[in-house]
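Overview (structure and organization)
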Amino acid sequence: MGRLIVVSNRVALPRRGEPTAGGLAVALKDVLKTNGGLWFGWSGDTLKGPTTGELKAMRHQGIDYATIDLNENDYKGFYAGYSNNILWPLFHFRLGLLEYDRKQAEAYRRVNRDFAKALMPLLGPDDTIWIHDYQLIPLAAELRALGARQRIGFFLHIPFPPWAVFSALPDAEVLLRDLLAYDLVGVQTRRDLAGMANSLQDGLGLELDAGGGVTSLRDGVKRRTQLSAHAIGIDTRGFATTARKAAFGTDAQRMKDSMGDRQLIVGAERLDYTKGLPHRLRGFGALLANFPEHLNRVTYLQVAARSRNEVATYRDLRRELDQLAGRINGDYAEFDWTPVRYVARAVARDTLAGFYRAADVGLVTPLRDGMNLVAKEYVAAQDPEKPGVLVLSSFAGAAESMDGALLVNPLDAEAMAEQLDRALKMPLGERKERWATMMQGLEEQTASRWAENFLAELAEQDVAEPPPAVEFTAAGTVRN
């Protein structure tokens, strides 16, 4: 039996002294240990000159790791450029932020080809390859062009838009054809599955068969690609244990002491325009304006770790949040009360777990999200005897299964204020009932179960002969 080969843009290398890994990294490491395998990807390092192609290899706790460096210009074009300036806004339905550059598109393809060339010699004939996320969509096609016959699965962790949105991408059909080189393509939700199916239908003229797959003719070779939805979970019990311990830690105690008898609303994610952070602040401002009984009775803590500071859109977002938080505090603060506590830096995951457990309301309101694991972590962190309430955007993938949350449209500040008011006033019995329903779902659909289910479905797929080698051209065509 072959190994499992996990491929991602960044590799979760084991490093001494680093904080506890997130649920996805834990799940992938667990399944690699079980199956015996290799984790391959970018090292995180860039080179001034040409990429050497040399692998950095290490072994830790039964898992092999292999990484390569990227040329500095390729990094800018592939990652900072095409992946984050083009694909990220496209897949999150933000067409006004899409900045297409053909050179970046070529860098994206070139890096995927370099990944394939570096990975190919490491593969055994019976290995199973599992590729992750939007940075590496063409990788299977590049591997097939080199003769790879292994089963190859792909999982997209972000949303998948319908053709009406996806077609805004120049050469959209080329990227869709890349998906057809996989044996199994997974997304987070039924909504994303419908978006992908619609793009393949309207963009390439393909139809889903009764089993949820599409069959394509690639250079005279028929290949069937299975499409399916697999909602990712978290290490539910592990995070619950972390939160229980963190509740007695120094940071959580400092937080509780500073709150007095006030209620706490908490939100935590990296600074990104998809997360709906300005809308969230406007919703909290509307709560204070429309429900004055909460004045000096509730505090909103928002942790928004800065990211992608080199991108102008993110710098503009940071300024907007600074202004909104300052305006709310200026309008409503008392000498002994600051309504908004805004932390624009990373906070340790264990510390956040303690904050989640202390919070009466978890506020998670992305404008579009593949899943959103913060929502699941908030629920897992709660004290079963006095759980808080999750207020969740209906546009988060997590909303599809978290029936106990109060759903909101983040574009409606008044409606968000009403749901926050409801959450803050919710009786203990209803809070327990809602929490128990969601917690049961989290315990059934963990990160490990997600990985096991995806790989089991991938193992069921027939592997077709690879097509002849193909070549990408700047004009977006594919030729022999």
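The text that follows walks through the structure, step by step, so that each part is easy to find. The shown structure was predicted, so the numbers you read here are calculated from the model rather than taken from an experiment.

On inspection of all chains with the given rule, the structure shows 27 salt bridges. With a shortest N-O distance of 3.4 Å, Arg-297 and Asp-261 are connected by a salt bridge. You can see Arg-297 sitting in the loop between helix 10 (277-290) and strand 11 (298-305) and its partner Asp-261 sitting in the loop between helix 9 (250-259) and strand 10 (263-270), a full 36 residues away along the chain. What makes Arg-297 partly exposed here is its relative accessible area of 37%. Put simply, Lys-425 and Glu-293 hold a salt bridge, and the shortest N to O gap is 2.7 Å. Separated by 132 residues along the polypeptide, Lys-425 in helix 14 (residues 413-425) and Glu-293 in the loop between helix 10 and strand 11 bring together distant segments of the chain. A relative accessible area of 45% means that Lys-425 is categorised as partly exposed. Residue Glu-293 is classed as partly exposed on the basis of its relative accessible area of 43%. Within the structure, one salt-bridge network assembled from shared partners comprises Arg-109, Arg-113, Glu-142 and Asp-178.

Moving on, we come to the environment of Gln-382. Here Gln-382 shows up in the loop between helix 13 (373-381) and strand 14 (389-393). For Gln-382, a relative accessible area of 2% corresponds to the buried category. Along the sequence, Gln-382 and Pro-170 sit 212 residues apart, while their C-alpha atoms lie 46 Å from each other. Residues contacting Gln-382, with those up to four places away along its chain left out, are Tyr-356, Arg-357, Ala-359, Pro-387, Gly-388 and Trp-435. Reaching out from Gln-382, the side chain makes a polar contact with the backbone oxygen of Tyr-378 at a distance of 2.9 Å.

Right, let's get into the packing of aromatic side chains. Within the structure shown, the criterion is met by 21 aromatic pairs. Judged by centre distance (5.6 Å) and plane angle (50°), the rings of Trp-88 and Tyr-134 are tilted. Of this pair, Trp-88 sits in helix 2 (residues 72-91) while Tyr-134 sits in the loop between strand 5 (128-132) and helix 4 (139-145), and the two are 46 residues apart along the sequence. Accessibility assignment for this pair places Trp-88 and Tyr-134 in one class, buried. Seen in terms of ring centroids, Phe-160 and Phe-166 are 5.4 Å apart; in terms of plane orientation they differ by 10°. Their pairing is stacked. Overall, Phe-160 belongs to the buried group, its relative accessible area being 4%. A residue is classified by how much of its surface remains accessible, and Phe-166, at 1% relative accessible area, is buried. One aromatic cluster is present, formed by Phe-91, Phe-160, Trp-163 and Phe-166 through successive ring pairs. Positioned above the aromatic ring of Trp-42 is the side chain of Arg-10, whose terminal nitrogen or guanidinium carbon lies 5.1 Å from the ring centre.

Along its 18 residues, helix 3 (residues 102-119) runs 26 Å from first to last C-alpha, staying within 8% of the 26 Å computed at 1.5 Å per residue. Here helix 3 has its buried residues at Gln-104, Ala-105, Ala-107, Tyr-108, Arg-109, Val-111, Asn-112, Phe-115, Ala-116, Ala-118 and Leu-119. The N-terminus of helix 3 is capped by Asp-101, whose side-chain oxygen sits 2.8 Å from the backbone nitrogen of Lys-103.

Further remarks concern the pairing of strand 5. Most of strand 5 is tucked away, with 4 of its 5 residues classed as buried. In this sheet, strand 5 lies alongside strand 1 (residues 4-10) in parallel orientation, the contact comprising 4 bridges. For Ile-5, the partnering residue across the bridge sits in strand 5 and is Ile-129. Sheet topology note: the strand 5/strand 6 (residues 151-155) ladder contains 5 bridges and is parallel. The residue of strand 6 that forms the bridge with Ile-129 is Ile-152.

When you tally the buried positions in helix 12 (residues 349-358), you get 7 out of 10 residues, the bulk of the element. Listed as buried for helix 12 are Thr-351, Leu-352, Ala-353, Gly-354, Phe-355, Tyr-356 and Arg-357. Those residues of helix 12 that are buried are in contact with helix 8 (236-246), helix 9, strand 10, strand 11 and helix 13.

Moving on: the sheet that holds strand 15 (residues 406-408). An order of 12-11-10-13-14-15 is seen for the 6 strands of this open sheet, with the pairing classed as parallel. On the outer flanks of this sheet lie strand 12 (340-343) and strand 15, each paired with one strand and no other. For this sheet, the mean inter-axis angle between neighbouring strands, taken without regard to orientation, is 20°. In this sheet, strand 13 (residues 361-364) lies alongside strand 10 in parallel orientation, the contact comprising 2 bridges. Counted as the bridge partner of Val-266 is Gly-362 from strand 13. Lying on the sheet, helix 11 (residues 312-332) is in contact with strand 10 and strand 12; it crosses strand 12 at an angle near 155°.

So, about the side chain of Gln-188. For Gln-188, the position within the fold is in the loop between strand 7 (184-187) and helix 7 (190-204). Residues in contact with Gln-188, not counting those within four places in the same chain, are Phe-155, Leu-156, His-157, Ala-229, His-230, Ala-231, Ile-232, Gly-370 and Met-371.

Counting 92 residues, the largest nonpolar core has Val-7, Phe-115, Ile-131, Leu-143 and Ile-265 as its most contacted members. Residues in contact with Phe-115, not counting those within four places in the same chain, are Val-7, Ser-8, Asn-9, Phe-40, Gly-41, Trp-42, Ile-68, Leu-70, Leu-136 and Leu-139. By size, the runner-up hydrophobic cluster in this structure holds 55 residues, among which are Val-343, Ala-359, Val-379 and Trp-435.

What follows covers empty space enclosed by the protein. One simple way to see leftover space: roll a probe sized like a water molecule over the atoms. The full count for this structure, using the stated rule, is 2 cavities of 30 Å³ or more. Looking at the second largest cavity, its volume works out to about 40 Å³. Forming the walls of the second largest cavity are Gly-388, Val-389, Leu-390, Gly-404, Met-426, Arg-431, Arg-434, Trp-435 and Met-438. Counting residues per element, the ones that place at least two in the lining of the second largest cavity are strand 14 and helix 15 (428-444).

Further remarks concern the packing of helix 6 (residues 172-179) against helix 7. Geometrically, a packed helix pair is captured by the angle between its two axes and the distance between the axes. Remark: helix 6 packs on helix 7, axes separated minimally by 10 Å, with the N-to-C direction vectors making an angle of 120°. When the axis of helix 6 is compared with that of helix 7, the two are oblique. Relative to helix 7, the crossing made by helix 6 is left-handed. On helix 7, the residues that touch Glu-173, Leu-176, Arg-177 and Leu-179 of helix 6 are Met-196, Ser-199, Leu-200, Gly-203 and Leu-204.

Parameters at a glance
- Residues numbered from 1 in each chain as written.
- Predicted model: local features only at pLDDT ≥ 70, side-chain atom pairs only at ≥ 80, totals over all residues.
- Heavy atoms only, no water.
- Salt bridge = Lys/Arg side-chain N within 4 Å of Asp/Glu carboxyl O.
- Helix = DSSP H or I, 4+ residues; strand = E, 2+ residues; numbered from the N terminus.
- Buried < 20%, exposed > 50% of the residue type's maximum accessible area, 1.4 Å probe, protein only.
- Contact = heavy atoms within 4.5 Å.
- Polar contact = N/O pair within 3.5 Å; in protein donor to acceptor, adjacent residues only side chain to side chain.
- Phe/Tyr/Trp six-rings, centres within 6.5 Å; stacked < 30°, edge-to-face > 60°.
- Lys NZ or Arg CZ within 6 Å of the ring centre and 35° of its normal.
- Expected span 1.5 Å × (residues − 1).
- Pairing = 2+ DSSP bridges.
- Axes fitted to C-alpha atoms, helices over the stretch in contact; angles between N-to-C directions.
- Core = buried A, V, L, I, M, F, W, Y, C linked by side-chain atoms within 4.5 Å.
- 1 Å grid on protein atoms, 1.4 Å probe; cavity = no way out; pocket = protein on both sides within 12 Å on 5 of 7 lines; lining within 4 Å.
- Points joined across faces, edges and corners; volume = space filled by probe spheres on them.
- Parallel < 35°, antiparallel > 145°, perpendicular 65-115°, else oblique.
- Left-handed = near helix turned anticlockwise from the far one by under 90°.

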